[in-house]
Amino acid sequence: MRVLLVGAGGVGTAITRIAARRPFFDAMVVADHDPARAGAAVAALGEDARFLAERVDAADEAAVRDLLVRHRCDVLLNATDPRFVMPLFRAARAAGATYLDMAMSLSRPHPERPYEECGVRLGDEQFAAAADWERAGALALVGMGVEPGLSDVFARYAADELFDEIEEIGVRDGANLTVDGLDFAPSFSIWTTIEECLNPPVVYEAGRGWFTTEPFSEPEVFDFPEGIGPVECVNVEHEEVLLVPRWIDARRVTFKYGLGAEFVETLRTLHRLGLDRTEPVEVPGAAGPATVSPRDVVAACLPDPATLGERMHGKTCAGTWVRGTRDGAPREVYLYHVVDNQWSMAEYGCQAVVWQTAVNPVVALELLAGGTWSGTGVLGPEAFPARPFLDLLTAYGTPWGLREQ
């Protein structure tokens, strides 16, 4: 397997460090718009000749396609933010490469009823091309990070091995992470966080289909394992709600994120001020007027999440809560994966949230390389058998857990 990894930020760098310990691939080309960032990710791996650095603009489909062809890569792994999903998705198809991402094509709210009806949903643009990928015998594995990704694998495992009927699948994400010396320091891309938290959350119900609610709706306190404890979680737009019902029979699917009251209020303030907007605005400058995206300015003013590991303490938990019946009796479980920042920093030099996101696409690549996972079309993680993934994740030294509720 020869992989083109596009994006050498926190998650991309963590991918290289995890993959470097595995023998399943022949080459990994690490490409970024900033050649110094790609070079630093490769240089940190020492003498591993399988890795090399390149420069590429993720929005330039032709350049990405040419890079895939020139390096004879048969897989494109997208580690950029969701703005670049579609150009990279199309470039992979044009080059005849397998495509894998950790987030899906962007949504657009319904123009008249944003908090009741879906407009363009997450992943709609990719699923619209599914027949083309299937006719070509090609695979696009979408939403294969931790959430979405491992959370979807947990849903598949629950449906196959733990339940006869499922009433609800609810992804629940929480943490007790703190960062020394900073009042507001998101542990993941603020661009992506603003996108998913301020868009109308999507809920799925059998018989009704997908519908939306207001941001931060339906708060609940969820007790997270391994010492994290109770965290208030709220509805947030996320890919699992759009993916799980396509392959798994459940009466209701939700995603709730443990953000905390202060974080929610900060996001609401950004929205009130228009600083969550992606459309450029004109601002005065020393060299004359310049156009900038307010959201890009917010991101530039905050520390890079990948650099926070040394100042970060605590654990992060990603998991899937499932309620239904088994052998005629009610059952409720929480399948989860916890990463301690102290462990991920000591073992890989990566902070917990980016490492937890990065490990799952590497596991998926290894399953694809060995033929354990295979398919054609545009498929989510729940379209594949879960047990091989969970077994391999444990073999990577990061076990998962199951708690009866």
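The text that follows walks through the structure, step by step, so that each part is easy to find. (Residues numbered from 1 in each chain as written. Predicted model: local features only at pLDDT ≥ 70, side-chain atom pairs only at ≥ 80, totals over all residues. Heavy atoms only, no water.)

As for its position among the elements, Thr13 is in helix H1 (residues 10-19). Within the structure, the side chain of Thr13 is placed 3.2 Å from the backbone oxygen of Ala8, a separation counted as a polar contact. Excluding residues within four positions of it along the chain, Thr13 makes contact with Ala8 and Ala41. (Helix = DSSP H or I, 4+ residues; strand = E, 2+ residues; numbered from the N terminus. Polar contact = N/O pair within 3.5 Å; in protein donor to acceptor, adjacent residues only side chain to side chain. Contact = heavy atoms within 4.5 Å.)

So, on to the environment of Ala8. Within the secondary structure layout, Ala8 lies in the loop between strand S1 (2-6) and H1. Owing to a relative accessible area of 3%, Ala8 belongs among the buried residues under this scheme. Along the sequence, Ala8 and Ala36 sit 28 residues apart, while their C-alpha atoms lie 9.6 Å from each other. Once you skip the residues sitting within four places of it in the chain, Ala8 turns out to touch Thr13, Val30, Ala31, Asp32, Arg37, Ala38 and Ala41. (Buried < 20%, exposed > 50% of the residue type's maximum accessible area, 1.4 Å probe, protein only.)

Per the stated rule, a full pass over the model turns up 29 salt bridges. In this structure, Arg156 engages Asp160 in a salt bridge whose closest nitrogen and oxygen atoms are separated by 3.0 Å. With Arg156 and Asp160 both in helix H7 (residues 150-162) and four residues apart, this pair spans about one turn of that helix. When the shortest N-O distance is used, the salt bridge between Arg295 and Glu195 registers 2.9 Å. Residue Arg295 is located in helix H11 (residues 294-301), and its partner Glu195 is located in helix H8 (residues 190-198); the two are separated by 100 residues in the primary sequence. For Arg295, a relative accessible area of 6% gives the class buried. Judged by its relative accessible area of 11%, Glu195 is buried. Each of Glu168, Arg172, Glu205, Glu218, Glu220, Arg252, Lys256 and Arg323 takes part in a single network of salt bridges with overlapping partners. (Salt bridge = Lys/Arg side-chain N within 4 Å of Asp/Glu carboxyl O.)

Between helix H3 (residues 61-70) and helix H4 (residues 85-95), the least distance of the axes is 8 Å, while the angle of their chain directions is 45°. One element, H3, and the other, H4, form an angle in the oblique class. Between H3 and H4 lies a crossing of right-handed hand. Contact with H3, carried on its side by Glu61, Val64, Arg65, Leu68 and Val69, involves Pro87, Leu88, Arg90, Ala91, Ala92, Ala94 and Ala95 of H4 and no other residues of that element. By residue class, the composition of the contact of H3 with H4 is nine nonpolar, no polar and three charged. (Axes fitted to C-alpha atoms, helices over the stretch in contact; angles between N-to-C directions. Parallel < 35°, antiparallel > 145°, perpendicular 65-115°, else oblique. Left-handed = near helix turned anticlockwise from the far one by under 90°. Nonpolar A, V, L, I, M, F, W, Y, C, P; charged D, E, K, R; others polar.)

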